[in-house]
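Listed below, chain by chain, are the residues.
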Amino acid sequence: MAKYLLRRLIQLVVVAFIISVLVFLLVHLLPGDPAAQILGANDTAHNRAVLNKQLGLNLPLWHQYIFWLKGVLHGNLGQSYLNHTPVTQVISTGWPIDLELIIISQVIAFAVAIPLALITSRRPNRPVDNISTTATFGMLALPPFVIAPIMVAVFAVGLHWFPATGYIPFTQNPATNLHDMILPSLAITAGSIAVYYRLFRSDLISTLQEDFVTMARSKGLSPRWIMWRHAFRPSSFSLLAAAGVNIGALIAGTFIVEFLFAIPGLGYSLVQAVNQRDYLVVQGITLVVAVAYVVIQFLIDFLFTVVDPRVTRE
Amino acid sequence: MPDDRELSDTRSGGRLLGDQVPGLAAVDELVVSRQSETLDSDDVLARKPFGFLFWFACGWVGLVVLAAVLANVLPLPNPNFQNYNALNAPPNMHHLLGTDDLGRDLLSRLIFGARVSLVVGFVSVAFGMLIGGTLGLISGYKGGRLDVALNAGSFVLLAFPAIVAVIAIVAFWGQSLFKITVILGVAVVPLLFRVVRASSLSFANRDFVIAARTMGATSARIVFREILPNVVPVAITFGLITVAGVIVIEGTLAFLGLSVALPTPSWGNLIAEGTSNGALSTNVYIMLWPVISMFLLLLSINLIGDRLRQRFDIREGLL
Amino acid sequence: MKARLKRTGGDTLEFKDVGHRGEPLLVVDDLHTSFRTGRGTVRAVDGVSLTVDEGKTLGVVGESGSGKTVLSRSIMGLLPPRDVIKSGTVRFAGHDLTAMDPVQLRQVWGAELSMIFQDPMTALNPVKRIGVQITESLRLHLGMDRSEATATAIELLRSVGIPSPEQRIRWYPFQLSGGMRQRVMIAIALACSPRLVMADEPTTGLDVTVQAQILDLLAELQRERHMAVILVTHDLGVVATRADDIVVMYAGRIVEQAPTKTLFKETRMPYTQALMDSIPRLSDPSGIRLHAIAGRPPDLIHPPKGCRFAPRCPYAQDKCHQSEPPLRTAGSPDHLFACWFPLVNGVSTAPGMSSGSSVFGVSGGSGTPGESADASTASDQVPPAPWSLADTPIDPDAGLEPS
Ligand SMILES: Nc1ncnc2c1ncn2[C@@H]1O[C@H](COP(=O)(O)OP(=O)(O)O)[C@@H](O)[C@H]1O
Ligand code: SF4
Ligand SMILES: [Mg+2]
């Protein structure tokens, strides 16, 4: 167990290192003098000198990287050249919003997908099953930028159930915050429901055909007990893996809904920064999101060791 | 829609992942293999027909492709021509799908917008398949140090959330049709590499390959004559599903205003245009047409991919 | 949605000691089981009747695909109802299992009637500790609490020969060897002291020495607990020393049925004879190819019209292809067989077969099926025998296992 996690931890560090190198090199994708590009209209000789010093741009490349990495590890990602806010501050106000969106959507997705799969997998190809399977197949073709506008048109503009834009922090008014988050969360939930349902259903169906389920039946256990205590766990491995893979799609989804509903999360800040050529903000958010993504994958690997005893003991 | 009548079909039918997930660069590991060794013609004849929906899906994809290719010769107004006499017009004889708030013809914008999605989708996957597929084919057959290195490399690249990487590169490098296509083409290389490699690996030790080897066939000959024909169905099926994934990523970028620059229409920025600044309450058609078209396009590609996978008897699994 | 480990609904069934009333423990009468498939109806079990007395062992033997697994699952009532057509009755300890509802059946399963599966790797839940897999039935059927059940499970594991059961109880199946896993499975099946255990190829995946140990263990536990066992196998050698009676199945039907000794001494069915010949013998030099029966079992969707074995039977005559031989007795009433031209002292009574040599000509599976099916000429074409049945009588008491 410890050995397995250690190995994964080393992998995590290596990948994080490679990510940091690539993100660092982004600045050098800019044509011409990076400092001039980054400063844009605010360009003065003094500013440029400050930035060159801050980024260490006059040093050799690998030296620059060490310099930059040191800053990053000390929590210094540079500052926005528009309003001089530190990038870390942009990130620290943004990430809780993304997390909230992702958590709400995932809770809903699992709460819908798992019970539905438990019901339909017991009797495959009945009407309920056929309807769910067809509906989720359709939902696979509804990425957030397609379904969110439809939802806004129907529930915000048409029915006035929810505001079309706007954001009130959770700390300020939890009830309003949650109410306003419903529509954005639902918009990124559709894909997750479809993926989780389809995967869990087909895995349950194959698990229920396993010998050990027949064995459990031959012990006289009730169908419900067999479903929960014998079939559920062995069927959940791909579900867990899918949840990990799905984080990528969710990040894209939060960017879409933050942009659409003007919710000031990381995605909103990122898109604004790109449009305003605020390069250090783009670089900082990219680094943080990419590393967070890798860490989440690591956590999911850890969950695997909890769910499947074979992972670490074999 | 997918009629999973038999349990064995449902088993594979449920594992549609890559097609939905825009972060498809993150699909961790796909184990892909085909059950039957080769496609012999008797088998093909004995299989059940594709069905009405499959041909309907092919029809829709074909129609979109055809319209996009012929956009310049079709009798359409310039997509950026502003007809001030018809602002926010509903569908009518002159503008079959209506006009937007600047009086631009929505049908024309829809058709020209399709070009972006399709070019980015198909060209980048073709590029990715050329590089990733070739590497995967060789890596899977040869094994050894090359395989270990490429495999590790693909894992690292897949550890990036695709959307963030693409946005960052677009931000620093610039946004044009060419650049977006290249970026997404590179982004799908590790994914297609893994798929083709897994498939190639599953054939590398089959009897007919070993037989060819003992008869003294060169590696190149084995890879291209024996393995490639068997890998092609897997590559086509997954390539198609990847096209859907890339179209989703491009649409996401375009929606955020980070794909091809305005005023060039693309489905993603058309949807954004039709959703923002109160456009929804004044003229819902701006958003509606690209939303419907995109939904049908993705649905059709998924459906075709799903049917092809059933037909080719491809089993895939995560992990 | 919470699942509880408790018997729910239905009255508690009472199991009478049927032995005293002269009724066998298990009475299967004219059991048919078919599967509806895309290609047609598969008649996997086609009219099987048998009985098992309390404490006795019945061996069920047949090639793979002859319907043994379907038979044992049909007797238990374990087959999922979808696309399965069943008829006939199964009376167990005075109750008609075929008439029971699912709730009642669950009171019987595991408690009075349990099952040992062929492959313990797939039949044990891979992600549950073996202890839990044993205590489940104890808590369900015997109403034990957790600690009581755990203590009992440890004793059970000890009794099936698992060393240091206190630790092993927390292990997962993949941490055990194949033999150990099968012992765990036996412990699970016997946990509630059932009266009848169905063992479906319990040792097929194991190597020979482990096979013998497991079968001996089963026999010993059976004696201690006075339970009946249905031992299903494709290997006549496995049941030769262990079964009281043997039923030979072919293509979903019983083709010969007799007390073990009688079956070996007075084999009547050519198919049984062929199975006997495929028993590996210790005296054989290692590596010798066993005599496999040429050809394959018939298609169960369209079985042959007459005797189902006729396409592969070297003695087949016109009559065999025309009409099906009934299961009948000749001589002793407990010896039944279905053959028009039964063997007598290893020699067929078919016309033209009096030369005293037997004709199971093909071995090693290399023969072409259906060659002898050409009935009109079968009697003229007597291929030379590579071995002689009459020379190699098998003594069931000789002991086929290494000692
Ligand atoms: N669920 C099923 N659907 C259709 N046919 C089946 C099913 N289960 C078993 N059969 C068929 O029934 C026959 C008997 O199978 P089985 O009882 O497993 O044989 P054995 O255990 O003697 O090897 C086989 O021909 C098999 O193909
Ligand atoms: S002799 Fe005839 S009836 Fe007897 S087994 Fe052979 S074919 Fe069947
Ligand atoms: Mg069997």
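The structure presented is a predicted model; accordingly, all values stated were derived computationally and were not measured. (Residues numbered from 1 in each chain as written. Chains lettered and ligands numbered in written order. Predicted model: local features only at pLDDT ≥ 70, side-chain atom pairs only at ≥ 80, totals over all residues. Heavy atoms only, no water.)

**Section: the overall build of chain B**
Helix and strand counts for chain B come out as 12 helices and 2 strands. The order of helices and strands in chain B, counted from the N terminus, is α-β-α-α-α-α-α-α-α-α-α-α-α-β. When burial is assessed residue by residue, chain B has 56% of its 319 residues classed as buried. Counting only contacts in chain B whose residues sit at least 6 apart along the sequence, the fraction spanning at least 24 positions is 78%. When the accessible surface of chain B is totalled, it reaches about 12,800 Å², and 67% of it is carbon and sulfur. (Helix = DSSP H or I, 4+ residues; strand = E, 2+ residues; numbered from the N terminus. Buried < 20%, exposed > 50% of the residue type's maximum accessible area, 1.4 Å probe, protein only. Contact = heavy atoms within 4.5 Å. Areas by Shrake-Rupley, 256 points an atom, 1.4 Å probe, with all protein chains shown as cover.)

**Quick notes on the overall build of chain A**
Within chain A one finds 14 helices and 0 strands. Seen in sequence order, chain A has helices and strands lined up from the N terminus as α-α-α-α-α-α-α-α-α-α-α-α-α-α. Dimensions of chain A, computed from the C-alpha atoms along their principal axes, are close to 80 × 55 × 35 Å. Taken over 314 residues, chain A has a buried fraction of 56%. Taking the intrachain contacts of chain A between residues at least 6 apart in sequence as the baseline, contacts between residues at least 24 apart amount to 73%. When the 19 positive and 14 negative side-chain charges of chain A are each reduced to one mean point, those points stand 11 Å apart. (Lys, Arg positive; Asp, Glu negative; His and termini not counted. Charge placed at Lys NZ, Arg CZ, Asp CG, Glu CD.)

**Topic: the packing of helix α4 (residues 106–142) of chain B against helix α9 (residues 219–255) of chain B**
All names here are of chain B. Where α4 meets α9, the closest approach of the two axes is 8 Å, and the angle between their N-to-C directions is 145 degrees. With respect to the hand of their crossing, α4 and α9 are arranged in right-handed fashion. When grouped by side-chain class, the residues that make up the contact of α4 with α9 number 17 nonpolar, 6 polar and 2 charged. (Axes fitted to C-alpha atoms, helices over the stretch in contact; angles between N-to-C directions. Left-handed = near helix turned anticlockwise from the far one by under 90°. Nonpolar A, V, L, I, M, F, W, Y, C, P; charged D, E, K, R; others polar.)

**Re the interface of chain A and chain C**
Counting residues at the interface gives 27 residues for chain A, matched by 35 residues for chain C. In total, chain A and chain C occlude about 2,900 Å² of area from one another, counting both sides; carbon and sulfur atoms represent 60% of this. Linking chain A with chain C are 1 salt bridge, by the criterion used here. Taking the shortest distance from any N to any O, the salt bridge between Glu-136 of chain C and Lys-219 of chain A comes out at 2.9 Å. The tally of links between chain A and chain C comes to 12 residue pairs in polar contact (both at pLDDT 80 or more). When residues of the side of chain A that touches chain C are traced back to their parent elements, those giving at least two are α9 (211–218), α10 (223–235) and α14 (310–313) of chain A. Ranked by the residues each element gives to the side of chain A that touches chain C, the list is headed by α10 of chain A, at 8 residues. A breakdown of the residues in the side of chain A that touches chain C according to their chemical character gives 11 nonpolar, 5 polar and 11 charged. (Buried area = accessible area lost by both parts, 1.4 Å probe. Salt bridge = Lys/Arg side-chain N within 4 Å of Asp/Glu carboxyl O. Polar contact = N/O pair within 3.5 Å; in protein donor to acceptor, adjacent residues only side chain to side chain.)

**Some thoughts on the domain arrangement of chain A**
Structurally, chain A comprises domain 1 (2–73) and domain 2 (87–275). Taking only C-alpha atoms into account, the centre of domain 1 of chain A sits 35 Å from that of domain 2 of chain A. (Domains from an automatic or database assignment.)

**Some details on the site of ligand 1**
Residue and element names in this part refer to chain C. All residues adjacent to ligand 1 are Phe-35, Thr-37, Ala-44, Glu-63, Ser-64, Gly-65, Ser-66, Gly-67, Lys-68, Thr-69, Val-70 and Leu-300. Here Gly-67 contributes a backbone N or O atom positioned 3.1 Å from an oxygen atom of ligand 1. Within the complex, the protein chains bury 62% of what would otherwise be the 560 Å² of accessible surface of ligand 1. Among the elements that line the shell around ligand 1, the one with the most residues is helix α1 (residues 68–76), at 3 residues. In terms of residue class, the shell around ligand 1 is made up of 4 nonpolar, 6 polar and 2 charged. (Near = heavy atom within 4 Å.)

**Focus on unusual backbone geometry**
The phi torsion at Asn-125 of chain A lies on the positive side, around 70 degrees, for a residue other than glycine. Within the element layout of this structure, Asn-125 of chain A appears in the loop between α5 (87–122) and α6 (127–139). Located in the positive-phi region is Ser-164 of chain C, a residue other than glycine, with phi close to 35 degrees. Assignment of secondary structure puts Ser-164 of chain C in the loop between α5 (146–159) and α6 (165–168). Taking relative accessible area as the criterion, Ser-164 of chain C reaches 33% and is therefore assigned partly exposed.

**Concerning a positive patch on the surface**
Residues Arg-122, Arg-123, Arg-126 and Arg-224 of chain A together with Arg-82 of chain C make up a contiguous surface patch of positive charge. Tracing the backbone shows Arg-123 of chain A in the loop between α5 and α6. Owing to a relative accessible area of 45%, Arg-123 of chain A belongs among the partly exposed residues under this scheme. (Patch = residues over 30% accessible without salt bridge, like charges linked within 9 Å, V, L, I, M, F, W, Y side chains within 5 Å.)

**Concerning the packing of helix α3 (residues 52–69) of chain B against helix α12 (residues 285–312) of chain B**
All names here are of chain B. Closest axis-to-axis distance for the α3/α12 pair is 9 Å, and the angle between their directions is 130 degrees. Considering the angle they form, α3 stands oblique to α12. Judged by the sense of rotation from one axis to the other, the crossing of α3 with α12 is left-handed. Of the residues in α12, those touching α3 at Leu-53, Phe-54, Ala-57, Cys-58, Trp-60 and Val-61 are Ser-293, Leu-296, Leu-297, Ser-300, Ile-301, Leu-303, Ile-304 and Arg-307. Classifying every residue of the contact of α3 with α12 by side-chain character gives 11 nonpolar, 2 polar and 1 charged. (Parallel < 35°, antiparallel > 145°, perpendicular 65-115°, else oblique.)

**Let's talk about the sheet that holds strand β2 (residues 41–52) of chain C**
Residues and elements named next belong to chain C. Taken together, 4 strands build an open sheet; the order of strands is β2-β1-β4-β5 and the sheet is antiparallel. Here the strands that pair on one side only, and so sit at the sheet edges, are β2 and β5 (95–96). Pairing of strand β1 (residues 26–36) with strand β4 (residues 84–92), which is carried by 8 bridges, proceeds in the antiparallel orientation. From the neighbouring strand, Phe-35 faces β4, where its bridge partner is Val-84. Where α1 meets the sheet, its contacts fall on β1, β2 and β4, and the angle it forms with β1 comes to roughly 115 degrees. (Pairing = 2+ DSSP bridges.)

**Thoughts on helix α7 (residues 144–158) of chain A**
Working note: α-helix, 3.6 residues per turn, so residues spaced by three or four point in the same direction. Along its length, α7 of chain A shows its largest kink, about 30 degrees, at Val-152 of chain A. Turning to α7 of chain A, its buried residues are Pro-144, Phe-145, Val-146, Ile-147, Ala-148, Pro-149, Met-151, Val-152, Ala-153 and Ala-156 of chain A. Considering only its buried residues, α7 of chain A is in contact with α8 (174–208) and α11 (237–261) of chain A together with α9, α10 (267–275), α11 (279–282) and α12 of chain B. Within two residues after α7 of chain A, His-160 of chain A carries a phi angle of roughly 60 degrees, on the positive side. (Bend = angle between axes of the 7 residues up to and from the residue.)

**What about the pattern of salt bridges?**
When the charged atoms of two side chains with opposite charge come close together, those side chains can pair. Residues and elements named next belong to chain C. Applying the stated criterion to the full structure yields 22 salt bridges over all chains. Of the charged contacts, one joins Glu-324 and Arg-308 as a salt bridge, the two residues approaching to 4.0 Å between their closest N and O atoms. In this pair, Glu-324 is assigned in the loop between α12 (318–322) and β11 (328–330) and Arg-308 in the loop between α11 (270–277) and α12, connecting sequence segments 16 residues apart. Among the residues examined, Glu-324 registers a relative accessible area of 30% and is labelled partly exposed. Beyond isolated ion pairs, a larger network of salt bridges with shared partners links Asp-46, Arg-253, Arg-308 and Glu-324.

**Re the sheet that holds strand β3 (residues 57–61) of chain C**
Residues and elements named next belong to chain C. Taken in spatial order, the 8 strands of this open sheet run β6-β7-β8-β3-β9-β10-β12-β11, and their pairing is mixed. Bordering the open sheet on either side are β6 (113–116) and β11, each of which pairs with just one other strand. Sheet twist, expressed as the mean angle between neighbouring strand axes with direction ignored, is 25 degrees. Direction of pairing for β3 relative to strand β9 (residues 245–250): parallel, over a ladder of 4 bridges. By the bridge assignment for β9, Val-60 is matched with Val-247. Across the face of the sheet, helix α8 (residues 208–225) comes into contact with β3, β6, β7 (196–200) and β8 (228–233) while running at roughly 160 degrees to β8.

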